[in-house]
Amino acid sequence: MFIAPDGGLRCGWAGSAPEFLDYHDTEWGFPVIDDRRLFEKISLEGFQSGLSWRTILAKRENFRTAFAGFDFHAMAGFADDDVQRLLSDAGIVRHRGKIEAVINNARRAVELEREAGSLAAYFWRFEPAPSEVDLPQTVSTSPASVALSKDLNKRGWKFVGPTTAFAFMQAMGLINDHASDCSTRALVRAARTAFTPPR
């Protein structure tokens, strides 16, 4: 555990980099319904594969600028010249496979929105029952993340393996994976209680 400047206990990782505490306290684990934020997060989790979240978080504003604010409707129209533009952008992770995957996923997201009504309505279908959630921060995949990954892959999404799907679910509030003694855990629980998942 980490003792924050306010004296409260937080998840240990919240103290491992200066920029993590605010992210931990205000974003990580709180339920999200906004489609653009959901698409941004699953995209950034794909970029994180093989890298640290600190690297991605430090570049997040650059990613937002480069990828049209993660407006997947706009990104669905990206072409080869956009790929070249992104590959020359030193502010992001310049990995051709990941860049092409995110553009592909934007097109798949448009299709998914058309089918499900919203990305939120789709993703929240995979929220596990409380009885299916393991002790906080003890696993990196779950049956629910495996199911989400498998379904996304079937729909043609890329760079969305079970570990990426699990990290997405942790961050977007589909599970509350804050440590048992973390003071933010109760805040996330209250936010989830007041939240009605889209259907």
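Residues numbered from 1 in each chain as written. Predicted model: local features only at pLDDT ≥ 70, side-chain atom pairs only at ≥ 80, totals over all residues. Heavy atoms only, no water.

**Re the side chain of Ser 145**
Here is step 1 of the chain: You can see Ser 145 is positioned in helix α9 (residues 143–154).
Here is step 2 of the chain: Within the local environment of Ser 145, its side chain forms a polar contact with the backbone oxygen of Pro 162, the two atoms lying 3.1 Å apart. (Helix = DSSP H or I, 4+ residues; strand = E, 2+ residues; numbered from the N terminus. Polar contact = N/O pair within 3.5 Å; in protein donor to acceptor, adjacent residues only side chain to side chain.)

**So, the packing of aromatic side chains**
The geometry of an aromatic ring pair is captured by two quantities: the separation of the ring centres and the angle between the planes.
Here is step 1 of the chain: The final tally for this structure, using the stated rule, is 15 aromatic pairs.
Here is step 2 of the chain: For the ring pair Trp 13 and Trp 28, a centre distance of 5.0 Å and an interplane angle of 75° mean the geometry is edge-to-face. A residue pair is termed long-range when its members are at least 10 positions apart, and Trp 13 in the loop between β2 (9–10) and α1 (20–26) and Trp 28 in the loop between α1 and α2 (35–48) qualify at 15 residues.
Here is step 3 of the chain: By relative accessible area, which is 8% here, Trp 28 ends up buried.
Here is step 4 of the chain: Ring geometry for Phe 63 and Phe 67: centres 6.3 Å apart, planes at 20°, overall stacked. (Phe/Tyr/Trp six-rings, centres within 6.5 Å; stacked < 30°, edge-to-face > 60°. Buried < 20%, exposed > 50% of the residue type's maximum accessible area, 1.4 Å probe, protein only.)

**Here we look at a nonpolar patch on the surface**
Here is step 1 of the chain: There is a patch of nonpolar side chains on the surface, built from Met 1, Ile 3 and Leu 9 and spanning about 290 Å² of accessible area.
Here is step 2 of the chain: For Ile 3, the position within the fold is in strand β1 (residues 2–3).
Here is step 3 of the chain: Owing to a relative accessible area of 59%, Ile 3 belongs among the exposed residues under this scheme. (Patch = residues over 30% accessible without salt bridge, like charges linked within 9 Å, V, L, I, M, F, W, Y side chains within 5 Å. Areas by Shrake-Rupley, 256 points an atom, 1.4 Å probe, with all protein chains shown as cover. Salt bridge = Lys/Arg side-chain N within 4 Å of Asp/Glu carboxyl O.)

**Brief notes about the UniProt feature "binding site: Zn(2+)" (unreviewed entry) in the protein chain**
Here is step 1 of the chain: The feature "binding site: Zn(2+)" (unreviewed entry), as annotated in UniProt, sits at Cys 11, His 24, His 178 and Cys 182 in this numbering. In terms of the greatest pairwise C-alpha distance, the residues named above, spread along 172 residues, form a tight cluster of at most 10.4 Å across.
Here is step 2 of the chain: Relative to the helices and strands, Cys 11 is located in the loop between β2 and α1.
Here is step 3 of the chain: Residue classification places Cys 11 among the buried residues on the basis of a relative accessible area of 0%.
Here is step 4 of the chain: Beyond its immediate chain neighbours, meaning those up to four positions away, Cys 11 contacts Met 1, Phe 2, His 24, Gln 137, His 178, Ala 179 and Cys 182.
Here is step 5 of the chain: Mapped onto the elements of the fold, Cys 182 is located in the loop between α10 (162–172) and α11 (183–193).
Here is step 6 of the chain: If we ignore the near neighbours within four places in the chain, the residues touching Cys 182 are Met 1, Leu 9, Arg 10, Cys 11 and His 24. (UniProt positions renumbered as here; feature names shortened; annotations may be inferred. Contact = heavy atoms within 4.5 Å.)

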